[in-house]
Amino acid sequence: MARAGASAVLAVLILACALGARADGSDHKYKEGDHVPLYANKVGPFHNPSETYRYYDLPFCAPEHPKDKREALGEVLNGDRLVDAPYELNFKEDMNSKNLCKKTLTKEEVAKLRDAVAKDYYFQMYYDDLPLWGFLGKMDKDREQGDAKYLLFKHIHFDIMYNDNRIIEINVQTDPNVAVDITEDKEVPIEFSYSVTWKKTDIPFEKRMEKYSKSSSMPQHLEIHWFSIINSCVTVLLLTGFLATILMRVLKNDFIKYSHEDESLEDQEESGWKYIHGDVFRFPKQKSLFAAIIGSGTQLLALAIFIFLLALVGVFYPYNRGALFTALVVIYALTSGIAGYTATSFYLQLEGTNWVRNLIFTGCLFCGPLFLTFCFLNTVAIAYSATAALPFGTIIVIILIWALVTSPLLVLGGIAGKNSNTEFQAPCRTTKYPREIPQLPWYRSTIPQMAMAGFLPFSAIYIELYYIFASIWGHKIYTIYSILFIVFIILIIVTAFVTVALTYFQLAVEDHEWWWRSVLCGGSTGIFIFFYCIYYYHARSDMSGFMQTSFFFGYMTCVCYGFFLMLGTVGFRASLFFVRHIYRSIKCE
């Protein structure tokens with residue numbers, strides 16, 4: 001107990017340090033002439049956000065002894081590898097043109113840079129925690145012969161805005177007129193240079209990050225977001241209206257019919273959900289897997305809620321490097337106790353016997369596929385020498401978090417669930433032998449029901465999905481977390497309502513095997529999201545290459561699997577509440 005408690009405290013401290021501290025710990029105040037460090041981060045193809053490389057993997061001007069900047073866990077997971085850049089951008093000191101270095105590019109270096117220009121390589125740097133980007137060069141195809149001409153930019157101009165003693169904004173410009181031709185395979189002498197201009201502004205320091213969030217909160221974009229919200233709300237209203245007017249009326253008639261005790265024998269033999277009361281609470285097959293799904297899904301739901309709470313209080317402001325990844329790792333570790341308690345408690349309610357095996361199953365149900373996916377993708381990144389490959393030290397840190405926080409809390413949650421002594425509350429007694437399920441039409445089988453169940457929740461979120469994908473797998477910035485939270489709540493409500501409606505229709509035709517069906521129908525939205533991933537990759541993005549493709553589909557498959565577990569749990573919990581309610585309302589002999 002003490003060890004697990006200390007581990008949890010350690011994880012909380014890690015989260016506080018990683019999310020609360022600024023990237024360099026400075027107060028961002030400078031005097032005229034002070035040296036403000038500029039860090040080069042990474043380079044890579046513009047359309048492949050996961051395929052990034054270290055800045056000095058390309059033959060740029062480098063300091064004599066470049067030093068890597070110490071980074072937090074989330075920054076490393078994000079693929080950031082900051083290193084000193086040779087540019088001297090002293091506070092409020094203009095510079096017309098300063099030579100950075102002279103060098104002669106070899107044929108191999110020219111070929112490497114030409115390939116980078118052809119793939120639209122960009123570079124990213126950070127100056128006083130402010131991001132800046134620029135392209136390495138351009139490909140000119142306007143020649144009469146139709147051949148491409150490759151130009152490498154050799155001069156960079158920095159526009160920096162300041163307010164009093166603080167830096168507010170930085171922009172970088174590359175001049176196509178000051179470029180060197182690298183079309184041919186030959187040695188090329190080149191002289192890199194840069195210039196700096198400082199300008200005063202009235203923008204306060206507290207609002208300097210608003211520039212990066214304006215793109216997602218522009219009027220035309222907000223209009224689309226609110227259209228998505230209205231569309232989703234209409235879906236919810238139609239669905240709840242359907243349940244209120246149709247389902248409840250049918251239930252009321254059922255209650256009236258079933259409440260008469262002087263029914264004839266013929267009436268007793270009529271079909272309906274009452275007549276399977278001896279089977280509806282019969283425990284499902286594969287109890288251990290079922291309980292593990294409910295435990296893991298509950299943990300992922302708690303994780304999503306905590307992430308939204310952090311987002312709503314402003315923790316994930318634009319370019320707070322790695323904060324989201326740090327939060328995901330640490331909060332997932334801290335919520336593992338929820339999975340252990342829920343899975344073990346529910347497994348014992350289902351009269352399971354081997355709760356230890358069930359607990360191990362729960363711990364591996366989501367982490368297992370995620371770990372295998374990570375191992376494969378990290379191997380791919382190592383083969384490509386990309387920054388997405390995690391250093392050995394970072395892998396050790398993640399293993400320690402899993403060993404010292406996740407596992408102990410999972411075990412503690414399992415012990416607490418075992419000692420809770422809660423029994424499954426079934427309003428009807430279960431018969432010894434199961435009732436035979438009548439022959440049903442094809443559209444009442446599992447797969448058509450899953451397709452019906454997943455379509456409505458997906459239709460409520462698909463508009464917002466594009467903006468999220470464009471942020472994660474592109475260079476857009478998503479900051480409207482309040483709208484995203486509303487969409488998430490709508491997703492949960494629609495999933496619950498649709499699953500309840502389909503569960504009722506299943507029971508009405510005397511199909512009592514609703515346990516697994518409710519999980520599959522609730523989680524089917526995750527399958528729809530996966531199909532949207534395929535559509536987005538081929539129709540809405542310009543991603544290409546084995547590494548980017550494997551990263552996109554590898555991690556998105558894990559995300560869709562997480563959605564399946566989470567929404568499947570929501571669907572089952574809603575259906576269980578509904579089934580208990582309707583069978584409590586009638587007299588079952």
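This one's a predicted model, so the numbers in the text were calculated from it and none came from an experiment. (Residues numbered from 1 in each chain as written. Predicted model: local features only at pLDDT ≥ 70, side-chain atom pairs only at ≥ 80, totals over all residues. Heavy atoms only, no water.)

J.: Got a sec to walk through the overall build of the chain? Specific residues and values, please.
T.: Scanning the chain from terminus to terminus reveals 15 helices and twelve strands. Looking at the chain residue by residue over its 589 residues, the buried ones come to 49%. Put simply, of all contacts in the chain between residues at least 6 apart along the chain, 80% involve residues at least 24 apart. Within the structure as shown, the chain displays about 28,800 Å² of accessible surface, and the carbon and sulfur contribution to it stands at 60%. (Helix = DSSP H or I, 4+ residues; strand = E, 2+ residues; numbered from the N terminus. Buried < 20%, exposed > 50% of the residue type's maximum accessible area, 1.4 Å probe, protein only. Contact = heavy atoms within 4.5 Å. Areas by Shrake-Rupley, 256 points an atom, 1.4 Å probe, with all protein chains shown as cover.)

J.: Lay out the environment of Leu-484 in plain terms, naming residues and giving numbers.
T.: Within the fold, Leu-484 resides in helix H13 (residues 481-508). Along the backbone, Leu-484 and Phe-308 are 176 residues apart, and their C-alpha atoms lie at a distance of 8.7 Å. Contacts of Leu-484, omitting those with residues within four sequence positions, involve Phe-308, Glu-464, Ile-468 and Tyr-478.

J.: Go over a nonpolar patch on the surface, please, and point to the residues and values.
T.: Together, Ile-305, Phe-306, Leu-309, Leu-312 and Ile-338 make up an exposed nonpolar region whose accessible area comes to about 400 Å². The element best represented in the nonpolar patch is helix H7 (residues 287-312), accounting for four residues. Looking at the element boundaries, Ile-338 is found in helix H9 (residues 336-349). (Patch = residues over 30% accessible without salt bridge, like charges linked within 9 Å, V, L, I, M, F, W, Y side chains within 5 Å. Salt bridge = Lys/Arg side-chain N within 4 Å of Asp/Glu carboxyl O.)

J.: Before we move on, could you go through the pattern of salt bridges and cite the residues and values that matter?
T.: Here the structure, examined in full by the defined rule, presents nine salt bridges. The closest approach of N and O atoms between Glu-88 and Lys-98, which form a salt bridge, is 3.4 Å. In this pair, Glu-88 sits in the loop between strand S3 (83-84) and strand S4 (95-105) while Lys-98 sits in strand S4, placing the two residues ten residues apart along the sequence. Judged by its relative accessible area of 39%, Glu-88 falls in the partly exposed class. For Lys-98, a relative accessible area of 30% gives the class partly exposed. Between Arg-517 and Asp-511 there is a salt bridge; the shortest N-O distance is 3.7 Å. Each of the two residues, Arg-517 as well as Asp-511, counts as buried.

J.: Give a description of the pairing of strand S8 (residues 149-153) that names residues and reports values.
T.: Counting buried positions along S8 yields four of five residues, so the element is predominantly enclosed. As defined by bridge partners, strand S7 (residues 137-140) adjoins S8 across four bridges and the pair is classed as antiparallel. Looking across to S8, one finds that Asp-140 is bridged to Lys-149. Pairing geometry for S8 and strand S11 (residues 179-181), over three bridges, is antiparallel. Directly across from Phe-153, in S11, lies its bridge partner Ala-179. (Pairing = 2+ DSSP bridges.)

J.: Please set out the side chain of Arg-114 residue by residue, giving values where relevant.
T.: One can find Arg-114 in helix H3 (residues 107-118). For Arg-114, a relative accessible area of 15% gives the class buried. At 3.3 Å, the side chain of Arg-114 and the backbone oxygen of Thr-183 are in polar contact. At a separation of 2.6 Å, a polar atom in the side chain of Arg-114 contacts the side chain of Asp-185. For Arg-114, the contacting residues outside a window of four places in its chain are Tyr-150, Ile-182, Thr-183, Glu-184 and Asp-185. (Polar contact = N/O pair within 3.5 Å; in protein donor to acceptor, adjacent residues only side chain to side chain.)

J.: Describe in detail the nonpolar core, supporting the description with residues and values.
T.: Ranked by size, the top nonpolar core spans 90 residues in total, and within it Phe-316, Phe-346, Phe-469, Leu-507, Phe-552, Phe-572 and Tyr-583 carry the most contacts. In this structure, Tyr-127, Leu-132, Leu-136 and Ile-190 belong to the second largest nonpolar core, which totals 55 residues. (Core = buried A, V, L, I, M, F, W, Y, C linked by side-chain atoms within 4.5 Å.)

J.: Describe the packing of aromatic side chains, with residues and values.
T.: The relation between two aromatic rings is expressed through the spacing of the ring centres and the mutual angle of the planes. Applying the stated criterion across every chain yields a total of 49 aromatic pairs. Note that Arg-573 overlies the ring of Phe-346, its terminal NZ or CZ placed 5.5 Å from the centroid. Across the ring face of Phe-424, the terminal group of Arg-580 is positioned such that the distance to the ring centre comes to 4.6 Å. (Phe/Tyr/Trp six-rings, centres within 6.5 Å; stacked < 30°, edge-to-face > 60°. Lys NZ or Arg CZ within 6 Å of the ring centre and 35° of its normal.)

J.: Got a sec to walk through unusual backbone geometry? Specific residues and values, please.
T.: Phi angles above zero are rare outside glycine, and Glu-351 is one such case at about 65°. Its location among the elements puts Glu-351 in the loop between H9 and helix H10 (355-384).

J.: Residues and numbers for the sheet that holds S11, please.
T.: Taken in spatial order, the three strands make up an open sheet running S7-S8-S11, and their pairing is antiparallel. The sheet is open, and its two edges are formed by S7 and S11, each paired on a single side. Each strand axis lies, on average, 25° off the axis of its neighbour in the sheet, ignoring direction. Contacting S7 and S8, H3 crosses the sheet at an angle of about 100° to S8. (Axes fitted to C-alpha atoms, helices over the stretch in contact; angles between N-to-C directions.)

J.: How would you summarise helix H14 (residues 515-540) if you had to cite specific residues and measurements?
T.: Taking 1.5 Å of rise per residue, the 26 residues of H14 would be expected to cover 38 Å, and the 38 Å separating its terminal C-alpha atoms lies within 8% of that figure. Of all the bends in H14, the largest measures some 35° and sits at Gly-523. (Expected span 1.5 Å × (residues − 1). Bend = angle between axes of the 7 residues up to and from the residue.)

J.: Got a sec to walk through the packing of H10 against helix H15 (residues 546-584)? Specific residues and values, please.
T.: Contact geometry of H10 with H15 gives a least axis separation of 10 Å together with a crossing angle of 170°. Between H10 and H15, the angle falls in the class roughly antiparallel. Contact with H10, carried on its side by Leu-365, Phe-366, Pro-369, Leu-370, Thr-373, Phe-374, Phe-376, Leu-377, Val-380, Ala-381 and Tyr-384, involves Phe-546, Met-547, Ser-550, Phe-551, Gly-554, Tyr-555, Cys-558, Tyr-561, Gly-562 and Leu-565 of H15 and no other residues of that element. The residue makeup of the contact of H10 with H15, split by class, is 17 nonpolar, four polar and no charged. (Parallel < 35°, antiparallel > 145°, perpendicular 65-115°, else oblique. Nonpolar A, V, L, I, M, F, W, Y, C, P; charged D, E, K, R; others polar.)

J.: Can you break down the confidence of the model for the chain residue by residue, with the values?
T.: Looking at the chain, pLDDT values average 86 and 87% of them are 70 or higher. Mean pLDDT values for the elements of the chain range from 46 in helix H6 (residues 265-268) up to 96 in H14. Predicted confidence is poor over residues 16-24, with pLDDT under 50, and the contacts of this stretch with residues over four places away or in other chains come to 18 contacts. Note that pLDDT drops below 50 for residues 264-270; the model gives that stretch six contacts with residues more than four away or on any other chain. (pLDDT = per-residue confidence, 0-100.)

J.: Describe the environment of Asp-68, naming the residues involved and giving the relevant values.
T.: Mapped onto the fold, Asp-68 is located in the loop between strand S2 (53-54) and helix H2 (73-77). Take Asp-68: its relative accessible area is 53%, and that puts it in the exposed class. Residues Asp-68 and Val-83, spaced 15 residues apart in sequence, show a C-alpha to C-alpha distance of 4.3 Å. In this structure Asp-68 touches Arg-54, Leu-82 and Val-83, once residues within four positions along its chain are discounted.

J.: Tell me what's going on with the side chain of Asn-41, and back it up with residues and numbers.
T.: Mapped onto the elements, Asn-41 comes out in strand S1 (residues 38-45). Look at Asn-41 and you get buried, because its relative accessible area is 0%. Of note is the side chain of Asn-41, whose polar atom sits 2.9 Å from the backbone nitrogen of Arg-81. One polar contact links Asn-41 to Gln-124, side chain to side chain, over a distance of 2.7 Å.

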